[in-house]
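The primary structure of each chain is shown beneath.
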Amino acid sequence: MTDRPGVEDLLRSLAPQVLGLLARRLGDFDACEDAVQEALIAAAGHWPEHGVPESPRGWLLRTAVRRYTDQMRSEAARRRREERVAREPVPAGAPAADDCLALLFMCCHPTLTPASAIALTLRAVGGLTTAQIAAAYLVPEATMAQRISRAKQRLKASSVRFDVPVPGSPDWAGRLRSVLRVLYLLFNEGYTASAGTTLHRADLSGEAVRLARQVHRLLPVEGEVAGLLALMLLTEARRPARTGPHGELVPLAEQDRTRWDRGLIREGTTLLIGTFAHRQRPGEYRLQAAVAAVHDRAAHARDTDWPQILGLYEVLEQVTGSPLVTLNRAVALAMTDEPAAALALLDRLDSGGSGPLAGHHRMHAVRAHLLEMAGEPETAGHHYRLAAALTASTPEQRYLTAKAAGLHQRVRPTAG
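To keep things clear, this report deals only with the structure shown in the data block. Everything quoted here is computed from the prediction, not taken from an experiment.

**Notes on the environment of E222**
Piece 1. Along the chain, E222 turns up in the loop between α9 (202-218) and α10 (223-236).
Piece 2. For the pair formed by E222 and T275, sequence separation is 53 residues and the distance between their alpha carbons is 8.1 Å.
Piece 3. The contacts of E222, once residues within four sequence positions are left out, are W172, L176, H278 and Q280.

**A look at the nonpolar core**
Piece 1. Counting 92 residues, the largest nonpolar core has L104, L183, V215, L228, M232, L346 and L370 as the members making the most contacts within it.
Piece 2. Top contributing element to this core by residue count: helix α8 (residues 172-191), with ten residues.
Piece 3. The next biggest cluster of nonpolar side chains, apart from the first, holds 21 residues, and it includes L22, A31, W47 and W59.

**Overview of the state of the cysteines**
Piece 1. Scanning the entire structure with this criterion turns up zero disulfides.
Piece 2. C107 forms no disulfide, and the closest cysteine sulfur to it belongs to C108, at a distance of 6.4 Å.
Piece 3. For C107, a relative accessible area of 2% puts it in the buried group.

**Digging into the pattern of salt bridges**
Piece 1. Applying the stated criterion across every chain yields a total of eleven salt bridges.
Piece 2. Across the pair R201 and D203 runs a salt bridge, and its minimum N-O distance is 2.3 Å.
Piece 3. Across the salt bridge formed by R329 and E317, the nearest N and O atoms sit 2.5 Å from each other. Of this pair, R329 sits in helix α14 (residues 323-335) while E317 sits in helix α13 (residues 306-320); the two residues are twelve residues apart in sequence, bridging distant segments of the chain. Each of the two residues, R329 as well as E317, counts as buried.

**Some details on the environment of R239**
Piece 1. Residue position: R239 is located in the loop between α10 and α11 (262-275).
Piece 2. Residues R239 and D261 lie 22 residues apart in sequence; the distance between their C-alpha atoms is 8.3 Å.
Piece 3. Residues contacting R239, with those up to four places away along its chain left out, are Y191, H200 and A202.
Piece 4. Here the side chain of R239 touches E236 through a polar contact of 2.5 Å, side chain to side chain.

Cut-offs applied
Position numbers for residues start from 1 in each chain and track the written sequence from start to end. Only residues with pLDDT of at least 70 get local features here, since the model is predicted, and only at 80 or more are side-chain atom pairs given and counted; chain-wide, interface and lining totals rely on the full set of residues. Excluded from the side-chain calculations are hydrogens and water; all other atoms, namely the structure's heavy atoms, are used. Under the DSSP-based scheme used, a helix requires at least four consecutive residues in state H or I and a strand at least two consecutive residues in state E, with every element numbered from the N terminus. The contact criterion used throughout is that any non-hydrogen atoms of two residues lie within 4.5 Å. Residue types Ala, Val, Leu, Ile, Met, Phe, Trp, Tyr and Cys, when buried and joined through side-chain atoms within 4.5 Å, form a set referred to as a nonpolar core. Burial classes follow relative accessibility: with a 1.4 Å probe on protein chains only, a residue under 20% of its type's maximum area counts as buried, one over 50% as exposed, and anything between as partly exposed. A pair of cysteine sulfur atoms is labelled a disulfide when the two atoms are within 2.5 Å. We define a salt bridge as a contact between a side-chain nitrogen of Lys or Arg and a carboxyl oxygen of Asp or Glu at a distance within 4 Å. We call two N or O atoms a polar contact when they sit within 3.5 Å, provided that within protein one can donate a hydrogen and the other can accept it, with sequence-adjacent residues counted only if both atoms are side-chain atoms.

As structure tokens, this is what we get:
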């Protein structure tokens, strides 16, 4: 097997040579660039496993010529199809939303990774430019362009159809699950950005809500679709109170709940209640929406029904098996006056530093919170500092650092 970094360096050095040669021979720069990019993708997948060919530049050139020829044939066939369709009468009343949903299902094909599916969805369905998507994920525009290109190539290789799968068809459940997962991840990244100087990316969470509304409009009897939209609305309702005047993070217990969007809460609650008429077993999104609804109906943090939230997380943990759900269950357990039991649950989840969330800043942040509740400020401060060092979000980092400093002040008060 060939060393992958060495292959990548070789491809970087050969790419301009092959493009220059091909463009000089054929003249169509854009088409030649596309062909060379496809040849590079093919080489990146083939060479590490089968070895670098004796003449790597010749291999790339031959592959690029074949890709160019295929493109030209495909383009000629496309033009013939367009001419044929242009002569056909336009069907009356064809809803544009159907095409949007079909495109969404295509972009969320199960063969794509979540990162690729989100990028492709934002580009094709959300209408964002490659530069905007790259900025959202703090990567170079060229990197994001390659990610989107690879996703397109994978879809092309899978011969996915441009349509919405029929409910009950073999690939229906998987495709719908991928769509909901991508929208869920997209919303989460917008609601709490994983990196950067701001806590929110309202453009991303807003786009997720918009797309979820479209899916729900066309699949109104799917309980998990309504549950996901309800979860988004019930969560988005709190966004105005999540930051202070300087963009600082305000935790849920300290938020001014009069700033919550009551219209979104009513809409989300109505959606959630409506899902119970579907007689479908609640899945992860309906259960998460139920947790959000319990939080949203509490006028003050002290009024929160933590036993009910704990029960919902217990069911959600059985449904998903997610360690993040277990982490949230630990918080709910501590809030029912059992911080020692919650810390024991964290110890089992952490597995001595080898658990699924080892090294995750949220694990340290939750442990710090529970230790603070248990009356161990010095150890809690240590874990707040660890969490601050691990997060790439500036508002989270500042909040966690301030918590650690406050506990340090309590343990070692300034003289006088």
